[in-house]
Amino acid sequence: AKGWFSYVLSDKDNQAQLLRITYWGTDKNKKFTISVNDEKIAEVALFNSGISDFLIKEYALPPALVARSKGKLIVKFTALDGSETGNVFEVRLLKK
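Rules of the game
- Residues numbered from 1 in each chain as written.
- Predicted model: local features only at pLDDT ≥ 70, side-chain atom pairs only at ≥ 80, totals over all residues.
- Heavy atoms only, no water.
- Helix = DSSP H or I, 4+ residues; strand = E, 2+ residues; numbered from the N terminus.
- Rg over C-alpha atoms; globule rule 2.2 N^0.38 Å.
- Buried < 20%, exposed > 50% of the residue type's maximum accessible area, 1.4 Å probe, protein only.
- Lys, Arg positive; Asp, Glu negative; His and termini not counted.
- Charge placed at Lys NZ, Arg CZ, Asp CG, Glu CD.
- Core = buried A, V, L, I, M, F, W, Y, C linked by side-chain atoms within 4.5 Å.

Trainee: Can you explain the overall build of the chain? Please cite residues and give values.
Mentor: When its secondary structure is counted, the chain shows 1 helix and 7 strands. N-terminal to C-terminal, the α/β element order of the chain is β-β-β-β-β-α-β-β. The C-alpha radius of gyration of the chain comes to 13 Å, within 12% of the 12 Å expected for a compact globule of 96 residues. Taking all 96 residues of the chain together, 39% fall into the buried category. Measuring between centres, the 15 positive side-chain charges of the chain sit 2 Å from its 11 negative side-chain charges.

Trainee: Which residues make up the nonpolar core, and what are the values?
Mentor: Formed by 22 residues in total, the largest nonpolar core has its most connected members in Leu19, Ile21, Tyr23, Ile34, Tyr59 and Phe77. Secondary structure elements with two or more residues in this core: β2 (18–24), β3 (28–36), β4 (39–47), β5 (54–60), α1 (63–68), β6 (72–79) and β7 (88–94). For this core, the element with the highest residue contribution is β4, accounting for 4 residues.

Trainee: Please set out unusual backbone geometry residue by residue, giving values where relevant.
Mentor: In this model, Asn37 sits at a positive phi of 50 degrees, which is unusual for a non-glycine residue. Assignment of secondary structure puts Asn37 in the loop between β3 and β4.

The following block contains the structure:
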């Protein structure tokens with residue numbers, strides 16, 4: 001996407017600690033940010049890992065953000081100027 005897209009995830013017990021995103025390994029020249037409930041948690045650059053398979057990345061979720069979420073986490077992917085977001089295949093919340 002050249003703009004942005006988002007997912008709404010449920011965490012009714014406020015136990016999420018990690019955000020796991022699955023990308024396609026051959027995505028290249030993709031630069032974007034990931035924010036959760038309007039708080040930036042990562043700036044991502046994908047430059048073709050050379051793997052024609054899925055690429056899994058995990059991002060830590062700040063405990064204070066999760067505590068304030070009231071069980072609802074809005075994960076937003078926003079392309080940086082002149083770029084696109086990566087191709088996202090799965091978005092998952094995890095506990096450690």
